[in-house]
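Report on the structure
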Amino acid sequence: MTEARYAELDWDVARSRERRTKRWSVYGPEVLDLTVAEMDLPIAEPIMAALRDALRRQTVGYPIPASASDLPEIAAGWLTERHGLATEPSAIGLLPELMRGITHSIRLFTEPESPVVVPTPSYRSFFGAIELAGRHAVEVPMRTDSGEYQLDIEQIDSALAAGAGSVLLCHPSNPVGRIFTPAELRALATVVDRHGARVISDEIHAPVRYQTEFTPYASLDATTRRHSVTLFSATKAWNIPGLRCGFIALTNPDDRALWKTLPGAATGGISPLGMLGSAAAFQHGEPWLDNAIQFLDENRKLLARLFAEAELSAAYQPAAATYLAWLDLRTLGSGAQPAQLLLDEAAVATAPGPDHGEAGSGFVRLNFATQPEMLEEAVGRIIKILNEHG
């Protein structure tokens with residue numbers, strides 16, 4: 001991090017601990033915490049400037065209504081110009097966080113009691129959002145016979161034929177870091193449309209991607225615009241999850257009318273600071289994000305190199321997006337609980353694979369958005385455990 005191009009990203013774990021947020025506050029100082037998706041990077045200066053000005057003005061009251069804010073227009077502009085989904089401001093709904101949007105979308109746009117298909121491994125909070133909606137999750141493990149995770153269209157088709165009413169898509173995928181191809185998405189759209197089902201596409205991680213094109217699900221054609229909703233936010237890419245602001249893009253005009261029937265308590269809780277921070281990120285945060293992605297890309301390559309040098313390349317396949325590594329630790333044996341073993345014997349905290357669905361058994365999720373020295377130390381400890389127990 002001494003290179004000039006990373007000067008604005010100068011940060012360390014000690015300063016992250018001073019934030020007193022979930023990252024680095026759960027475990028003791030001896031544990032390397034690579035769990036929750038917060039980055040050990042400073043906040044982009046345009047965002048900090050907006051927040052400083054807001055605090056100077058004591059902007060800590062209730063947020064202004066979306067109808068009186070320019071944020072829907074800003075968010076729609078970013079979604080259209082940078083994300084790749086042409087959207088007008090009237091299609092944008094505001095949320096305090098995306099899981100709320102998932103729960104409401106299931107309730108509003110799918111048949112009562114219809115199960116929700118989740119291609120797994122997937123973001124662990126999806127399951128809680130589905131439960132909160134009063135529905136049952138149907139896990140459909142992704143295929144890996146090609147050497148990379150791919151949607152199992154046939155099994156999704158079967159689940160929809162059996163009565164499921166929607167597919168909850170994490171795109172790019174958390175935790176495996178996969179960006180689904182247009183061909184995969186079109187195949188998914190075909191079966192979803194045939195069964196009259198819906199797609200809820202969480203695309204929060206899309207800004208953090210490495211040399212891979214990204215196609216928003218709803219951008220494919222008129223059919224996908226009609227049967228899907230898209231969730232997005234500045235919080236992951238710009239490292240501001242505590243600011244409490246997210247968005248839903250309702251590309252079907254009929255959905256917008258239904259969304260407006262929600263009571264204020266359903267979508268309330270948005271932070272005025274989150275609204276200002278998100279606007280600053282979308283309008284002025286791209287240079288910082290570009291620099292951060294270069295930094296994360298080097299960490300991604302470092303991670304792959306460290307495992308390759310230990311002749312453990314199979315443990316990590318570099319992600320196409322996100323700053324999350326999906327580590328295959330099945331060599332530890334079928335009865336092992338890798339995350340607990342790493343915590344107990346290596347003092348490295350990771351997210352347990354089974355939290356992301358049954359397909360995560362034998363895996364852990366590791367956040368590599370930290371200093372290279374910290375990453376080297378953590379991987380060294382993990383490799384030692386693999387060599388001792390594998």
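Below or above, wherever it landed, is the structure these notes cover.

Procedures and definitions
Residues numbered from 1 in each chain as written. Predicted model: local features only at pLDDT ≥ 70, side-chain atom pairs only at ≥ 80, totals over all residues. Heavy atoms only, no water. Helix = DSSP H or I, 4+ residues; strand = E, 2+ residues; numbered from the N terminus. Rg over C-alpha atoms; globule rule 2.2 N^0.38 Å. Buried < 20%, exposed > 50% of the residue type's maximum accessible area, 1.4 Å probe, protein only. Contact = heavy atoms within 4.5 Å. Lys, Arg positive; Asp, Glu negative; His and termini not counted. Charge placed at Lys NZ, Arg CZ, Asp CG, Glu CD. Salt bridge = Lys/Arg side-chain N within 4 Å of Asp/Glu carboxyl O. Core = buried A, V, L, I, M, F, W, Y, C linked by side-chain atoms within 4.5 Å. Disulfide = S-S within 2.5 Å. Pairing = 2+ DSSP bridges. Axes fitted to C-alpha atoms, helices over the stretch in contact; angles between N-to-C directions. Expected span 1.5 Å × (residues − 1). Parallel < 35°, antiparallel > 145°, perpendicular 65-115°, else oblique. Left-handed = near helix turned anticlockwise from the far one by under 90°. Nonpolar A, V, L, I, M, F, W, Y, C, P; charged D, E, K, R; others polar. 1 Å grid on protein atoms, 1.4 Å probe; cavity = no way out; pocket = protein on both sides within 12 Å on 5 of 7 lines; lining within 4 Å. Points joined across faces, edges and corners; volume = space filled by probe spheres on them.

Remarks on the overall build of the protein chain
A tally of helices and strands in the protein chain yields 14 helices and 12 strands. In terms of overall size, the protein chain behaves like a compact globule, its C-alpha atoms giving a radius of gyration of 21 Å where 390 residues would be expected to give roughly 21 Å. When the backbone C-alpha atoms are referred to their principal axes, the protein chain occupies close to 60 × 55 × 35 Å. Evaluated residue by residue, the protein chain yields a buried proportion of 57% over its 390 residues. The long-range share in the protein chain, meaning contacts at least 24 apart out of those at least 6 apart in sequence, stands at 75%. Here the protein chain contributes 34 positively and 48 negatively charged side chains, and the mean placements of these two sets differ by 4 Å.

Digging into the pattern of salt bridges
Pairing of side chains with opposite charge becomes possible as their charged atoms draw close. Inspection of every chain in the model, using the stated rule, returns 20 salt bridges. For Arg178, the salt bridge goes to Glu184, with nearest N and O atoms at 2.6 Å. Per residue, the accessibility class of Arg178 equals that of Glu184, and both read buried. Residues Arg330 and Asp328 are paired through a salt bridge, measuring 2.7 Å at the closest nitrogen-oxygen approach. Three or more residues joined by partner-sharing salt bridges are found here, namely Asp53, Arg56 and Arg57.

Notes on the nonpolar core
Counting 78 residues, the largest nonpolar core has Trp238, Phe307, Tyr323 and Phe368 as its most contacted members. Broken down by element, this core gets its largest block of residues, 10 residues, from helix α12 (residues 286-309). Core analysis: the next-biggest nonpolar cluster, separate from the first, contains 25 residues, Met142, Tyr149, Leu151 and Ala197 among them.

Topic: the environment of Gly84
Looking at where Gly84 falls in the secondary structure, it is placed in the loop between α3 (71-83) and β2 (92-95). It is 6.5 Å that separates the C-alpha atoms of Gly84 and Pro216, two residues lying 132 residues apart in sequence. If near-sequence neighbours (up to four positions away) are discounted, Gly84 is found in contact with Leu79, Pro216 and Ser219.

Some remarks on the state of the cysteines
A covalent bond between the sulfur atoms of two cysteines is what we call a disulfide. Evaluated as defined, the whole model comprises 0 disulfides. For the unlinked cysteine Cys170, the closest cysteine sulfur is that of Cys245, found at 19 Å. The buried category is assigned to Cys170, whose relative accessible area is 7%. We classify Cys245 as buried; its relative accessible area is 3%.

Details of the sheet that holds β2
Across the sheet, 7 strands lie side by side as β2-β8-β7-β6-β5-β3-β4; this open sheet has mixed pairing. Across the chains shown, the open sheet's two edge strands, defined by having one partner strand only, are β2 and β4 (137-141). Geometrically, the sheet is characterised by an average inter-axis angle of 25° between neighbouring strands, direction not taken into account. Where strand β7 (residues 228-232) meets strand β8 (residues 246-249), 3 bridges bridge the pair, whose relative direction is antiparallel. Note on β8: the bridge partner recorded for Thr230 is Ala249. Of the strands in this sheet, β2, β7 and β8 touch α3, which is tilted by about 110° from β2.

Some remarks on helix α2 (residues 45-56)
The terminal C-alpha atoms of α2 lie 16 Å apart, and with 12 residues this matches the ideal 16 Å at 1.5 Å per residue to within 8%. Immediately beyond the C-terminal end of α2, within one or two residues, lies Gln58, with a positive phi of roughly 60°.

Digging into the environment of Glu45
Here Glu45 shows up in helix α2. Sequence separation between Glu45 and Trp288 is 243 residues; the distance between their C-alpha atoms is 8.2 Å.

Concerning the packing of α2 against helix α11 (residues 272-284)
Running from N to C, α2 and α11 cross one another at 150°; their axes reach a closest spacing of 8 Å. Accordingly, the angle class assigned to the pair α2 and α11 is roughly antiparallel. Here α2 and α11 pass one another in a crossing that is right-handed. On α11, the residues touching Pro46, Ile47, Ala50, Leu51, Ala54 and Leu55 of α2 are Leu273, Leu276, Gly277, Ala280, Ala281 and His284. Of the residues belonging to the contact of α2 with α11, the class tally is 10 nonpolar, 2 polar and no charged.

Observations regarding empty space enclosed by the protein
All chains considered together, the criterion is met by 1 cavity of 30 Å³ or more. Volume-wise, the largest cavity comes out at about 50 Å³. The wall of the largest cavity is formed by Pro119, Pro121, Ser122, Met142, Leu168, Leu169, Cys170, Ser173 and Phe180. Per-element accounting of the lining of the largest cavity gives the leading share, 3 residues, to strand β5 (residues 166-170).

Some thoughts on the sheet that holds strand β12 (residues 363-367)
Across the sheet, which stays open at both edges, the 3 strands sit in the order β9-β12-β11 with antiparallel pairing between neighbours. Two strands lie at the open edges of the sheet, namely β9 (324-328) and β11 (351-352), each paired on one side alone. As paired strands, β9 and β12 are joined by 5 bridges and run antiparallel to one another. If you follow Leu327 over to β12, its bridge partner there is Val364.

Here we look at α12
Helix length check: α12 (24 residues) gives 34 Å between terminal C-alpha atoms against 34 Å at 1.5 Å per residue, within 8%. Glu311, located one to two residues past α12, shows a positive phi value of around 60°.

Any functional reading would require information that these geometric values do not contain.
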